[in-house]
Amino acid sequence: SAASDVYKRQEVKNALKSRKITLSEVIDMAATDDAIAKMKVRSLLEALPRVGVSTAEALMNEIKIAPSRRVRGLGQVQREELIRRFG
């Protein structure tokens, strides 16, 4: 359901912020989990430790990720670049 998707996304963001999971693990989860796949890349980046709104925006510009892009829509090069930076 939509409510459980929102809850799951929030859990993932909390886990990222507290370093319980890595960005590459979240990207792997997106392959099989619709709730994660539909997350906006921006909100995922903003959930990373020490990444705020402006850093997320700068990263997305630099890696050429559209503001509306969702995790499932990331290209191979974009995924690799994010994983290279954040693990």
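As a reminder, the structure under discussion sits directly above these lines.
The rules we used
- Residues numbered from 1 in each chain as written.
- Predicted model: local features only at pLDDT ≥ 70, side-chain atom pairs only at ≥ 80, totals over all residues.
- Heavy atoms only, no water.
- Helix = DSSP H or I, 4+ residues; strand = E, 2+ residues; numbered from the N terminus.
- Expected span 1.5 Å × (residues − 1).
- Buried < 20%, exposed > 50% of the residue type's maximum accessible area, 1.4 Å probe, protein only.
- Arc of directions from axis to C-beta.
- Polar contact = N/O pair within 3.5 Å; in protein donor to acceptor, adjacent residues only side chain to side chain.
- Contact = heavy atoms within 4.5 Å.
- 1 Å grid on protein atoms, 1.4 Å probe; cavity = no way out; pocket = protein on both sides within 12 Å on 5 of 7 lines; lining within 4 Å.
- Points joined across faces, edges and corners; volume = space filled by probe spheres on them.
- Nonpolar A, V, L, I, M, F, W, Y, C, P; charged D, E, K, R; others polar.

Draft legend 1. Summary view of helix H1 (residues 2-17). Between its first and last C-alpha, H1 extends 23 Å over 16 residues, near the 22 Å set by a 1.5 Å rise per residue. For H1, the set of buried residues is Val 12, Ala 15 and Leu 16. An end-on view of H1 places all buried positions within 100° of arc, on one side of the element. Exposed residues lying more than 90 degrees from the buried face of H1 are Ala 3, Val 6 and Tyr 7. Note on H1: the residue one or two positions beyond its end, Arg 19, has a positive phi of about 60°.

Draft legend 2. The arrangement of the side chain of Ser 24 in detail. As for its position among the elements, Ser 24 is in helix H2 (residues 23-30). Relative accessible area serves as the criterion here: at 19%, Ser 24 is assigned to the buried category. Within the local environment of Ser 24, its side chain forms a polar contact with the side chain of Thr 22, the two groups lying 3.2 Å apart. In this structure Ser 24 touches Ile 83 and Gly 87, once residues within four positions along its chain are discounted.

Draft legend 3. Local environment of the layout of surface pockets. Taken as a whole, the largest pocket encloses approximately 200 Å³ of empty space. In this structure, the largest pocket is lined by Leu 16, Arg 19, Ile 21, Thr 22, Leu 23, Leu 48, Pro 49, Arg 50, Val 51, Arg 85 and Phe 86. Considered class by class, the residues forming the lining of the largest pocket number seven nonpolar, one polar and three charged.

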